[in-house]
Every structure is written in C-alpha cells, then in structure tokens.
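Structural features, examined
Now for the letters of each chain:
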Amino acid sequence: MKKNKFLMFIALIMILPFMVSQAVSAEMLMTKAAPAVIKNISDVNISLTQNEKFIFPSKVKAQLTDGKITEVAAKWDKKSIATDKTGVFVSYGTVKGYSKKVKLTLSVSASIKSLNDVSISARQGGIVTLPNTISANLSDGLKKNVDVIWSKKVDTSKAGTFVIEGTVKGFTSKAKAIVKVGPKIIVVNQLEVKVALGSDYKLPSKVEAVMADNSKEFVEVKWNKQKVDTANVTTTIIEGTINGYDSKVYLVVNVIQKTVQDVAKESNKILLLYIYDKNGFKIASGSGFIVSEDGKVLTNFHVVDGASKIKAVNNNGEYIDIKGIYYYSKEQDIALLQLDTNSKLPYVKLGDSDSIEQGDSIVAIGSPKGLQNSLSEGIISSLRKDIRSGYSDIQISAAISPGSSGGALFNMNGEVIGITYAKANGGENINFAIPINEAKAILNKTNTLSPISTIEKFDKETAYKGFENFLYEKYTYFWANGIKINIDGFNVTESKDGKMLDISVYIYDDNGHYDDFQKAMKQGDAKQKEAAKIEVQQWIYLPLKDGMDYFPDKEVYLAVYTIVLLNKQPPNGDWDYVHYDSEVGKWVCGDMEIICTERKGEYLFDWTQKY
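The following paragraphs examine the structure supplied in this document. (Residues numbered from 1 in each chain as written. Predicted model: local features only at pLDDT ≥ 70, side-chain atom pairs only at ≥ 80, totals over all residues. Heavy atoms only, no water.)

1. Let's talk about the overall build of the protein
For the protein, the helix and strand inventory stands at eight helices and 42 strands. Classification of the 611 residues of the protein by burial places 43% in the buried group. Once local pairs closer than 6 in sequence are excluded, the contacts in the protein between residues at least 24 apart make up 56%. In the structure as shown, the protein presents an accessible area of about 35000 Å², 50% of it carried by carbon and sulfur atoms. (Helix = DSSP H or I, 4+ residues; strand = E, 2+ residues; numbered from the N terminus. Buried < 20%, exposed > 50% of the residue type's maximum accessible area, 1.4 Å probe, protein only. Contact = heavy atoms within 4.5 Å. Areas by Shrake-Rupley, 256 points an atom, 1.4 Å probe, with all protein chains shown as cover.)

2. As for the pattern of salt bridges
Under the defined criterion, the tally for this structure stands at eleven salt bridges. For glutamate 217, the salt bridge identified is with arginine 123, shortest N-O distance 2.9 Å. Of the two residues, glutamate 217 is situated in strand β18 (residues 216-220) and arginine 123 in strand β9 (residues 118-123); the sequence distance between them amounts to 94 residues. Of the charged contacts, one joins lysine 248 and glutamate 239 as a salt bridge, the two residues approaching to 3.9 Å between their closest N and O atoms. Taking relative accessible area as the criterion, lysine 248 reaches 39% and is therefore assigned partly exposed. (Salt bridge = Lys/Arg side-chain N within 4 Å of Asp/Glu carboxyl O.)

3. Some thoughts on helix α8 (residues 526-550)
The end-to-end C-alpha distance of α8, which contains 25 residues, comes to 37 Å, matching closely the 36 Å that a straight helix rising 1.5 Å per residue would cover. The set of residues buried in α8 consists of Ala532, Lys533, Val536, Gln537, Trp539, Ile540, Pro543, Leu544, Asp546, Gly547, Met548 and Tyr550. Sitting at the amino-terminal end of α8 is aspartate 525, which places a side-chain oxygen 3.2 Å from the backbone nitrogen of lysine 527. (Expected span 1.5 Å × (residues − 1). Polar contact = N/O pair within 3.5 Å; in protein donor to acceptor, adjacent residues only side chain to side chain.)

4. Here we look at helix α4 (residues 436-443)
The element α4 is largely enclosed, with a buried count of six among its eight residues. Considered for burial, the residues of α4 that qualify are Ile436, Asn437, Glu438, Ala439, Ile442 and Leu443.

5. Focus on the nonpolar core
Among the nonpolar cores identified, the biggest contains 53 residues, and Ile275, Phe478, Phe517, Val536 and Trp539 are the most heavily contacted of them. No other element matches the seven residues that α8 contributes to this core. Val263, Val291, Leu298 and Ala439 belong to the second-largest nonpolar core, a separate cluster that totals 24 residues. (Core = buried A, V, L, I, M, F, W, Y, C linked by side-chain atoms within 4.5 Å.)

6. Some points on the packing of helix α7 (residues 513-522) against α8
The N-to-C vectors of α7 and α8 enclose an angle of 130 degrees; their axes lie 7 Å apart at closest approach. With respect to α8, the element α7 is oriented oblique. Seen from α7, the contacting residues are Phe517, Ala520, Met521 and Lys522; seen from α8, they are Lys529, Ala532, Lys533 and Val536. Its residues assigned to classes, the contact of α7 with α8 shows five nonpolar, no polar and three charged. (Axes fitted to C-alpha atoms, helices over the stretch in contact; angles between N-to-C directions. Parallel < 35°, antiparallel > 145°, perpendicular 65-115°, else oblique. Nonpolar A, V, L, I, M, F, W, Y, C, P; charged D, E, K, R; others polar.)

7. Brief notes about the environment of lysine 586
With respect to the secondary-structure elements, lysine 586 resides in strand β41 (residues 586-599). Here lysine 586 falls in the partly exposed class, since its relative accessible area comes to 24%. With 20 residues separating them along the chain, lysine 586 and leucine 566 place their C-alpha atoms 5.7 Å apart.

8. Overview of the sheet that holds strand β6 (residues 87-95)
If you walk across this open sheet you meet the four strands as β2-β7-β6-β5, and the pairing is mixed. Since the sheet does not close on itself, it has two edges, and those belong to β2 (44-49) and β5 (75-76), each with one partner. Taken together, the two bridges between β5 and β6 define a ladder with antiparallel strand orientation. In the strand pairing of β6, tryptophan 76 is matched with glycine 93. (Pairing = 2+ DSSP bridges.)

9. Some words on the pairing of strand β24 (residues 296-299)
Side chains of β24 alternate between two faces, with Lys296 and Leu298 and Val297 and Thr299 buried alike. Pairing analysis gives two bridges linking strand β23 (residues 282-290) to β24, with the strands arranged antiparallel. Paired with phenylalanine 289 across the two strands is leucine 298, which belongs to β24. Taking the residues between adjacent antiparallel strands as the criterion, β23 and β24 are bridged by five residues, where glycine 295 takes a positive phi near 100 degrees.

Have a look at this one:
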C-alpha cells in the first residue's frame, strides 16, 4: 500500500509541470493585445517659391495608438495646386482607417527674379570683407536680402577693378561683387583746426590723402575718440586710422575763445518785444531772450509793466503772441513770459554769473529803439551792490539804449550771464545788467509753476505803467527858448475814487536837465521869457491830450515837477517842499510845479513859480 502511494506521488510530480505550462499558455492566449490603429495625423505644411513644381505627398506620417510613428497612404481632394501665384493654399485628404480629414497648407513665396550687384571701394593694401547677404529682386516686385557664398576673397595687392562671383541657394545666376581697388595711399598730412569754446564740433569722417599716382582723394578715417571736449580752452591731439594706410593720422584740435562773430550767432534766440495798451496802441518796445525749447522768455519787469498785450518778433520777422506770465517782480525787475507756440525753439545757454570777473569781455544783444538784434561789445566794468536795492548788478561798458532792456548779456563762451536793464543818465558807457543766477533761481522752479497771470490780468495788476512807458518813449525832451530840455520820467496815478488821472512829468537836477530848464525860462528879456513859457505850455498839451485820448472816461490833469536831489536834508525854510525818496536814496526838493487841466475845451495852466 505504501509502495503504491509512493508511486502515485512520483507520478504527480512528473505530471505537475506539464499542467502548469498548459495553464500559462491558456492564459497567454486569453490576454493577447489588440492591433495598433491610427491615433492622430498632424497637419502638413509645405513652403515653396513661386513657379516651383509641387506634387502632393503620397504618404503622410501618422501616430499610432502604441506610440509609434508610421507612414500611411493619403488621397487628396485636389489633384494639383498651381504655384504661379504667391499666397497660401489649403487642401484636404483622407487616410484609410482615420475618420478625420488631413489638412495640407501650401505657402508659395516670391521667387528671386534677379540679384543686385555689390559695389565696393577699397584701397591698395587694405582689407576688404565681402558681405554675407546680397539684395535680391523678387518676382512680386519686392526686395529682400539673401545669403550668398563668394567664390574667393578680395585681393587688394594691386589697384584696379575686379569682379568676384557668388552663389545664392535656389537661383541659377551668379551674384557679382564689383571691387574697385584704388591706388595706395602715400601720405596723409597732419590736420589742425580751430574750434570755438563751447561749440559742438564734429570730427571729420574723411581726410585728404595723396595717392601713389600723385592724385588726391578724400578717404574715410576712424578716430580713437568719438567727440572733442570743447568746454575749456585747450589743445587736443586725436589719433586716427585709415584702411590700407600703415601710418597713423593725427588731428590737432585747438579750442579757442569765441569771437564776437561767434557770439553774434546767438541772435536767433533773442526777441524784440512790442507792448500794447488796452486800446491796441503800441506803447513801448523792449527785448527778451528764449530760455527753454517750449518758449519761456526772460525780460525786465519794466519792459512789460502795464501791458494789455505783448507780441514777440523773432529773428525771421515772425510775430508770436505772449500768452501768459510765469513770474514777475518789480523789485528785481525780472519777468518770465510764455510764448504762444507748440514748436520746439532754439534757446540760449545760461552761464554762471558768480564766476565772472572785472575786465571780462562781454557782448550785449538787444533791440534798442526797435532796431532788432543790435550788438554791442565791451567789458565788465564792475560788480555793484548799490543800484537795485538789496540786489547785485553787473556794470558793463557795452552800449545800452532804451529798448535794450530785457536783452541778453553774453560772455565769450556764448553763455548768457545777465539781463541788460539800465544805463546811467548823463554817463558814458555806464550800463547795468541783472546777474543771470538771480533769474536761474526762478527758472529752477518753473517745473512746479503754472502761468500765474494772463496778459489781461497782468494789465490790471500793473495799471497805467504801460502808458508811462509810452509817454517816456514818445516825449524824451522838448524845446524852450532854443534850449533842449530832457525829461527824466513820467508817473501815472489814479485817484482813490477812480475818476481822476494824474500824469506827473519829472525834470531832475543831478544830470543837468534842471539847469537847462532854469536857463531856458530865465534868459533873455520879458518877451523871450513869455515866449518860452508859451513853448512849455504848448508841449505840455501833447502828453495831456494823449492821456485824455487813452482814458476818455477819466478827468485827466498833468503836472511838471522840477526836482532837486540832495544828499542831506536842507535847513528848514530853504525849500517849499522837502521829502526823502527811498527809491533814489536822496532828499527830493520841489522847486517848481506847472499844472495843466482841461475845462470845457480850455486848457488851464497854473505856474506855482513865475518866470
């Protein structure tokens, strides 16, 4: 029994591997994978040039579900696509076993019709590099740069004209580079130039050279500096190289002080200003200069004082309105105006008035008596602190006349260092300018300022001052008893109730005008004196009549005052009227008054002192 069990065990062991193998084979047969199918076919994109032959691809690449890429046959909706025109053309096709359409996009670009030759100038012994691209004319009329491969390099060992051929992919004709090799450079002379201080000097791109055949040509040069510093008077040597020339080229730049003629070129930034009253009458003229490209203009306050309208005239004779005022100060005698323009304008360069010294050369540009852009030269005579109360001034010898006020005072660098504003009465070449640093402090604030006043508002703020300027320019003197009597000033004031207007005319003694008047009224016999009196009355009528014409709604009277100025207060009783005038810093003594008024068409005169 035991023996039979053992035999059965042995048989089972022998049969078991066969049974396991059969089971595994059966399971493998049951799990065999399904065949791969097409998962996706990407769009087909083809690019050709115009008239290039096109054949639809018979097969396209497909991605299978097992991740493999294979080629499959495709049938297209169209049999052909013409390539005689440029553009983008689309066709669709089918693939067996793929449910979607296959998209084919054909892009036809213009073909090369012709190539443009390349022209190159070289120098014997120089180095020439041919371009990597060449300009091509396309079949659609446009141009583009295409890559080119040249057959050889340029040999510049000999002078002459040489043609080098090149090939362009997709085009059968040859590209051509025409290289003209000029004779060898024998010598380039050292160059030397004079440059005005502060000017914008550009280095020359070409210099003259002597060739091997004794001819002369201008050849290109490369300098070791891009720009010359002209801020200081100095001499600079600049080194340069020329292709095909073994030696160095040298340029000596001498930066020299500007001449008066150089500074005169700044006159295109100086303006003539015309001042008009509320009735449109031109009452005064003066000067101004442009300090920013958006049209800000510096001038004197007294130039525009009392203006109802201001017009600027530029160097070309063009009229530009002043549309607003940024800043003004009677004490400083400075006004900053705004031109009505949208153009970018040339403007002056401002210097440093703190660095000027006595004896420095200067140039003044302004419009005295309306004579636009008149130039005068001189020196800085002195630096003063006693002319404008509380402010410094520049005393100059350059001529200043009425109308020059508001003009530009230049140093010899062509920089504005002052605003010309006054001359000393009775003095020769004693003139004054406001230091520009005083105005620069104002300009530095204009980024945060807006125009504080229109011209119309400014007129009300400075009532009657423009009329004073008008009278002073129109009536600078009169004649009596054969003697010329100069006028020193006018003052126009309004009564508190606004109904009356007082025009005051001043004749002072500190410049000889008072003495001239005394002489005119006292010399000769009684008949001559009476005739002189009538002459004065006839002259007085003129500014009085102007006042009545300008201000018809007011009662106008005029008074002439002859004034003596004293450094010390006179003893009591010596004068009828004495008071201290803080503006002139002296005691003012009235010697005589002549008052003229109009009553019902008659002019009445009151002489407080008879002659």
